[in-house]
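Examining the three-dimensional arrangement
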Amino acid sequence: MRPQSIRRTLGFGLLAVAAVGVIGVAYRWSEAYVLRDTAGLGRAAMTLHVENIRGWLGRYRALPHVYAQDAHMKALLRDPANPALIAAANRQLEVWNMATGAADTYVLDRTGTAIAASNWDQEATFVGRNYAFRPYYSQAMQGRLGRFFALGTQSGKRGYYFSHPVRDGNEIIGVTVVKAGVAAIEEELRASPHEIYVTGPAGVILLASHPDWRLKTIQPLDETALDRIRANRQFEIDRLKPVDFGPPAQHPSGEKLVVARPDRSDSAPREFLYLSQAMTVEGWTLHLLMDTRVARTQILTAVLLAASLLLAAALVGTLVWQRRRRLVERLSEREQAQITLERTVNERTADLRTANLLLEAEVVERKAAEEELRRAQTELIQAGKLAALGQMAAALSHEFNQPLTAIRTYADNAIAFLERGRDDDAQTNIGRISKLTERMAELSKHLSNFARKPRDTVDAVSLIGALHETLELLRGRLEAADIEPLIDAPDNAWVLGGHVRLQHVIMNLVTNALDAVREQDRPQLSIAVQAGPQETRLVVEDNGQGISGESLEQIFDPFFTTKEVGQGLGLGLSISFNIVKDFGGTLRAENRQEGGARFTVTLQTAAAPAEAAAE
Ligand code: ADP
């Protein structure tokens, strides 16, 4: 057996013992209660019966006294042998006896012999019989009221005798006697639902509702009592047998119980609640036996009720206990689920933390990569700047070296001409030198103009002026490439923009065109200015290789170049595009039908400034 089931069995055993204990206590308690309650009813009934018996006796007690006063009785007792008086007395006693319902009414002379009686004409008449042995005679002869219960010696019937002295002056001359029969009172006792009996001082049952119990004894009689009974001839000694039930036994409830065979049925012995009450005046005791069947039923009902309540309580208790156990189980299940959940959450959190750490590491890597990229870009820009500087230095040295070489040659020739006395030729050469220096000065001026920091604002600027200045700056390159650009432009055209920035844009477009036509046999470059009232266009065309399809979309992107490393940075067009945009204009690129590229700068036409207009 598992320890749990042992514990359960033990628990049930203990509960059963407790239940039996509780039922036992309930039984004892309800038994005591019900018996006490029944006894209360019995005592009330007893009081009633005592009063009834007293009433019965009371009806006869005064009669002998009254009869003793009667003149006829006195006359008879003065002359007891007078037959006329006897006859008159007999009739008188018979009338009284009948009227009062007494058993017998008679007169004793001073010796105790009955001289007249109500039953004078019956066979078992008292007349002529001596009753000096009866205590009621001696009591009356002593001048007292006599009273005595006894079995009639003549009639064989029980009765209560009352007697009174008949006086003639101070002398007691006889005794009047009335015997009350028990039939009527016993009939009344029998009408009661209980068994009732009345015992005399010795313990002989004088009156009883149960016929079998009459003149039985409830205890063995001692010798003195027996002697007295014999002397008084109160009862027939031989008939005085004990009753067939024992003395009442004390019950734990405090009441007394007795088992006896009841009257009015020949059923088996039954249990009775025993009660008694003393009738001190008579020296009697009234006993009452109450059937306990009703009480027992009540006790059983109460016990059954207690047991049902106990059962109900046990059921409710079991139910509550089961509910509680289920609740505890459910709580522990929930706790387990909570623990599992917490564990899962912890695991997930750990996973997340790991993922986070990985992500952080990745971010750090990305940042490092970005940093690397930026550094590479910076380096690239730096390289680009250096390349541009190199290009510019090369261009400048080319621009300046050419005239410088020419000047040196002209100067050397001039010296030689002067030595030979060819002054005119020398002069011509010096004039050429002067022209060349003038051109160099102009170049320098343009350079400084170009180097000036561009202003951010837009103004009316001369597009034609900017164009010519730029071409002047590029003259060296144009001549080197042996190209004379075709210019189709009005005398003047004013647009909104910045002079230097506009120069930059034109220079970029022209140098790109020069780069494009480098490989051509017959390179051509044409620049047209179309001035309108709203817009003014500058169109730069070449007969180069043109722009390839995919490049057309990217040429304005920064750092886009198709040129060899060191040749181009890919910034020129992107800067130009932004400059034109700043001017509120547009820069467009396309391929010419006949081959080569066309770049169109569209700018807002501006009014000529006052001083320019004046010129
Ligand atoms: P870079 O001249 O330094 O390459 P640009 O931004 O000025 O930078 O030019 C970008 C590219 O556009 C050139 O590399 C070239 O491929 C193309 N491009 C510009 N102008 C012309 C042109 N006139 N004809 C053909 N391609 C051109």
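Above this text you will find the structure in question.
First, a word on what this report is: a plain description of the structure on this page. Small disclaimer: the values here were computed from a predicted structure and weren't measured. In every chain, residue numbers begin from 1 and rise along the written sequence. Local features in this predicted model are restricted to residues of pLDDT 70 or higher, and side-chain atom pairs are both shown and tallied only at a pLDDT of 80 or more, whereas totals for entire chains, interfaces and linings draw on every residue. As a rule here, side-chain values cover all heavy atoms of the structure and leave hydrogens and water aside.

Overview of the site of the ligand
The line we're drawing: Proximity is defined per residue: if any heavy atom of the residue lies within 4 Å of a molecule or strand, that residue is considered near it. Within 3.5 Å is the distance limit for a polar contact, defined as a pair of N or O atoms, with the added protein rule that one can donate a hydrogen and the other accept it, and that residues adjacent in sequence qualify only through two side-chain atoms. Starting at the N terminus, helices and strands are each numbered in turn, a helix being any DSSP run of H or I of at least four residues and a strand any DSSP run of E of at least two. Under the convention adopted here, Pro, Cys and the residues Ala, Val, Leu, Ile, Met, Phe, Trp and Tyr are nonpolar, Asp, Glu, Lys and Arg are charged, and Gly plus all remaining residues are polar.
Near the ligand there are 19 residues, and of these Asn512, Asp542, Thr561, Thr562 and Lys563 occur at the shortest range. Asparagine 512 places a polar side-chain atom, nitrogen or oxygen, 2.7 Å from an oxygen atom of the ligand. Here threonine 561 contributes a side-chain N or O atom positioned 2.8 Å from an oxygen atom of the ligand. Within the residue set of the shell around the ligand, elements represented by two or more residues are helix H12 (499-516), helix H14 (572-582) and strand E18 (597-604). With 4 residues, the single largest contributor to the shell around the ligand is H12. Classifying every residue of the shell around the ligand by side-chain character gives 9 nonpolar, 8 polar and 2 charged.

Structural notes on a positive patch on the surface
Definition in use: Like charges are joined within 9 Å and nonpolar side chains (Val, Leu, Ile, Met, Phe, Trp, Tyr) within 5 Å, but only among residues with over 30% relative accessible area and no salt bridge; these make up the patches. For the accessible areas, the method is Shrake-Rupley and the probe is 1.4 Å, while residue cover comes only from the protein chains on display. In the sections that follow, a salt bridge refers to a side-chain nitrogen of Lys or Arg positioned within 4 Å of a carboxyl oxygen of Asp or Glu. Under this rule, positive means Lys or Arg and negative means Asp or Glu; His and the chain ends count for nothing. To locate a charge, take atom NZ for lysine, CZ for arginine, CG for aspartate or CD for glutamate.
On the surface, Arg2, Arg8, Arg323, Arg325, Arg326, Arg330 and Arg334 cluster together into a patch of positive charge. In terms of residues, the positive patch owes the most to one element, helix H8 (residues 293-419), which gives 5 residues. With respect to the secondary-structure elements, arginine 2 resides in the segment before helix H1 (3-61).

Notes on the nonpolar core
Which entries qualify depends on this criterion: The term nonpolar core refers to a set of buried residues drawn from Ala, Val, Leu, Ile, Met, Phe, Trp, Tyr and Cys, joined through side-chain atoms within 4.5 Å. To sort residues, take the accessible area from a 1.4 Å probe on protein chains only and compare it with the maximum for the residue type: under 20% means buried, over 50% means exposed, and anything in between is partly exposed. Contact definition: two residues touch when any of their heavy atoms are within 4.5 Å.
Membership of the largest hydrophobic core comes to 50 residues, with the highest contact counts inside it found for Ile53, Trp56, Leu207, Phe235 and Trp284. When residues in this core are grouped by element, the largest group, 7 residues, is from H1. For tryptophan 56, the residues in contact, after removing those within four places along its chain, are Tyr160, Ala180, Gly181, Val182, Ile185 and Leu207.

Looking at unusual backbone geometry
Negative phi values dominate among residues other than glycine, just as trans dominates among peptide bonds. Although it is not a glycine, arginine 233 sits at a positive phi angle of roughly 50°. By relative accessible area, which is 49% here, arginine 233 ends up partly exposed.

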